[in-house]
Amino acid sequence: MTDSDKPTPLQSRASGPLTGKVRVPGDKSISHRALILGALAVGETRISGLLEGEDVLNTAKSMQALGAGVERTGDFAWKVNGVGVAGFAEPKAPLDFGNSGTGCRLVMGAVAGCPISAVFDGDASLRSRPMRRILDPLEKMGAKVVSGGAGGRLPLTVQGARDPLPITYKTPVASAQIKSAVLLAGLAAPGATTVIETEASRDHTELMLKHFGAEITSVQEGQHGRRITLVGQPELHGANVVVPADPSSAAFPIVAALIVEGSEIVLSDVMTNPLRTGLFTTLREMGASIEESEVRGDAGEPMAKLRVRASKLRGVEVPPERAPSMIDEYLVLAVAAAFAEGTTIMRGLQELRVKESDRLEATAAMLRVNGVKVEVCGDDLIVEGRGHVPGGGVVATHMDHRIAMSALVMGCASDQPVTVDDTAFIATSFPDFIPMMRSLGADFS
Ligand SMILES: O=C(O)C1=C[C@@H](OP(=O)(O)O)[C@@H](O)[C@H](O)C1
Ligand SMILES: C=C(OP(=O)(O)O)C(=O)O
């Protein structure tokens, strides 16, 4: 997709109860990592349940361009033949990550540990996002940034280190992308690479590195943090990866079922890694009925079946330390908050400003244009829930898939229909969102 493509608007209007059983697509974070670690391993990796969204497909293409064998073998089934740690070949053309911060930043880390040069680029949204946070530690490890836009913006060229250095790095913000970039570069360095985080971020890279044979430890650091240590230059071996359903995608049908009276839906295989389930904790505090059953795990990633029933919600205060475990879910939580009774205060959301859009302002604008009273106060978002939403607004999605899906969920129960200006970017993370929501009974036209 390019930002010059013609926009495809869509309207969402109140429907009868949502019902049915669905499996949302594979987790986006795990899908990126399975392709990247498969490409850095020796031998064959088989992935099932891969998210075939644009963000992940761009990572697959970049792995191919860097010399790995990447092949689709069936629906959501992929095979990767890796080149080994530090074995990437120099790509002949710029690597285009489209809309995806994760793909771009993790591959920057992997390339930084190889003696090659690669150009990184993306769409207008990705070109506006900060890359200095990744380049700073990678430069400490010996990589060079040959050229780049102001403030480390894309497009830029990374010249990987011939002899990468292991470092101990304290991440300046809770970010799994920074942590993962350092660990992936650290694979090629001799000795121990350590990442310290004061707030724990999602640990899929650590769990998957272990699954592929690396020696990696993670211990508590302070009240909410982790200290992660990776032993460099491991022989990673190809592995089987089963990708569970993405809790960040599940969030949309879950909130829709909670706000549409009489709804009851079931979602299978939803990943329940505790570093990803802050939204479920918050919704339960608001009074949501979300029942878990059939809890099981694969490659260290737990998953469960979720049964969600329409519920009367009340406003709550969400503490800032919960943000890393639900960082992509505040948009749709704000929709749930608008349908709740009472005020919801979401604190410490500064990282929302540097996502696909400025999500703090875009979320406030989405609610405001649909008649909800909302305030951005510093880095906090305050939503006045009145038990119903007037609707009737046209929402600007700003090349942001999660704004588009959140607005369509809001329309499922608002008094007047809600329109989004462009649905195209939904394909980055949840290509079947529209048909899946319609199959549950949503009225999108
Ligand atoms: O590592 C990952 O897979 C991700 C980390 C988060 O970003 P940050 O690391 O910038 O917080 C999140 O917002 C993104 O959707 C996926
Ligand atoms: C922030 C997101 O992704 P990324 O950083 O990979 O673009 C997201 O999917 O909400």
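Keep in mind it's a predicted model, so treat the numbers as computed, not measured.

Right, let's talk about the sheet that holds strand 24 (residues 443-444) for a bit. Spatially, 4 strands are ordered 22-23-1-24 in an open sheet, and the strand pairing comes out mixed. Both edges of this open sheet fall to strand 22 (394-395) and strand 24, since each of them pairs with a single strand only. Relative to strand 23 (residues 418-420), strand 22 runs parallel, the two being bridged by 2 bridges. Residue pairing across strands places Val394 opposite Thr419, the latter belonging to strand 23.

The subject of this paragraph is the site of ligand 2. Lining the immediate surroundings of ligand 2 are 13 residues, of which Lys28, Gly101, Thr102, Arg129 and Arg402 lie closest. Taking Asn99, its main chain carries an N or O atom lying 3.5 Å from an oxygen atom of ligand 2. A distance of 2.8 Å is found between an oxygen atom of ligand 2 and a side-chain nitrogen or oxygen belonging to Arg129. Burial of ligand 2 by the surrounding chains reaches 98%, relative to a free accessible area of 300 Å². Broken down by secondary-structure element, the contributors of at least two residues to the shell around ligand 2 are helix 3 (101-112) and helix 12 (401-411). Composition of the shell around ligand 2 by domain shows at least three residues from each of domain 1 (10-25 + 246-444) and domain 2 (28-189).

The 4 strands lie next to each other as 10-11-13-12, forming an open sheet whose pairing is mixed. Only two strands of the sheet have a single neighbouring strand rather than two, namely strand 10 (168-170) and strand 12 (216-221). Adjacent strand axes in the sheet meet at a mean angle of 15 degrees when their direction is disregarded. Sheet analysis places strand 11 (residues 192-197) next to strand 13 (residues 225-231), joined by 6 bridges and oriented antiparallel. From the neighbouring strand, Glu197 faces strand 13, where its bridge partner is Arg226. The strands that helix 6 (residues 176-186) touches are strand 10, strand 11, strand 12 and strand 13; relative to strand 11, the one it contacts most, it runs at about 175 degrees.

Moving on to the site of ligand 1. Around ligand 1, the surrounding shell consists of Ser29, Arg33, Thr102, Ala174, Ser175, Ala176, Gln177, Arg202, Ile327, Asp328 and Lys355. Within the contact set of ligand 1, an oxygen atom lies 2.7 Å away from a side-chain nitrogen or oxygen of Ser29. Protein chains bury 94% of the 390 Å² of accessible surface belonging to ligand 1 in isolation. Elements that contribute at least two residues to the shell around ligand 1 include exactly helix 1 (28-40) and helix 6.

Our focus in this paragraph is unusual backbone geometry. Cis rather than trans, the peptide bond between Leu154 and Pro155 has omega equal to -5 degrees. On the secondary structure map, Pro155 appears in strand 9 (residues 153-159). The phi torsion at Phe76 lies on the positive side, around 60 degrees, for a residue other than glycine. If you trace the backbone, Phe76 turns up in the loop between strand 4 (69-74) and strand 5 (77-81).

For the protein, the domain assignment lists domain 1 (10-25 + 246-444) and domain 2 (28-189). The gap between the C-alpha centroids of domain 1 and domain 2 is 29 Å. Roughly 1,500 Å² of surface becomes buried between domain 1 and domain 2 when both sides are summed, with 54% attributable to carbon and sulfur atoms. Our count for the domain 1 to domain 2 interface comes out at 2 salt bridges.

Turning our eyes to something else, we now look at helix 8 (residues 247-259). Between its first and last C-alpha atoms helix 8 spans 18 Å; for 13 residues at 1.5 Å apiece the expected length is 18 Å, and the two agree. Burial within helix 8 is extensive, with 13 of its 13 residues counted as buried. Capping the start of helix 8, Asp246 holds a side-chain oxygen 2.8 Å from the backbone nitrogen of Ser248, two or three residues further along.

Turning our attention to the pattern of salt bridges. Taken as a whole, this structure holds 32 salt bridges when the rule is applied. Linking Asp75 and Arg72 is a salt bridge whose minimum nitrogen-to-oxygen distance equals 3.5 Å. Through salt bridges with shared partners, a single ionic network connects Arg129, Arg202, Asp328, Glu356, Arg359 and Asp400.

Moving on to helix 12. Counting buried residues along helix 12, 11 of its 11 residues qualify, which places the element largely inside the surrounding structure. When we look at burial in helix 12, the residues that qualify are His401, Arg402, Ile403, Ala404, Met405, Ser406, Ala407, Leu408, Val409, Met410 and Gly411. The residue sitting at the N-terminus of helix 12 and contributing the capping side-chain oxygen is Asp400; that oxygen lies 3.0 Å from the backbone nitrogen of Arg402.

About the cut-offs
Residues numbered from 1 in each chain as written. Chains lettered and ligands numbered in written order. Predicted model: local features only at pLDDT ≥ 70, side-chain atom pairs only at ≥ 80, totals over all residues. Heavy atoms only, no water. Pairing = 2+ DSSP bridges. Helix = DSSP H or I, 4+ residues; strand = E, 2+ residues; numbered from the N terminus. Near = heavy atom within 4 Å. Polar contact = N/O pair within 3.5 Å; in protein donor to acceptor, adjacent residues only side chain to side chain. Areas by Shrake-Rupley, 256 points an atom, 1.4 Å probe, with all protein chains shown as cover. Domains from an automatic or database assignment. Axes fitted to C-alpha atoms, helices over the stretch in contact; angles between N-to-C directions. Contact = heavy atoms within 4.5 Å. Buried area = accessible area lost by both parts, 1.4 Å probe. Salt bridge = Lys/Arg side-chain N within 4 Å of Asp/Glu carboxyl O. Expected span 1.5 Å × (residues − 1). Buried < 20%, exposed > 50% of the residue type's maximum accessible area, 1.4 Å probe, protein only.

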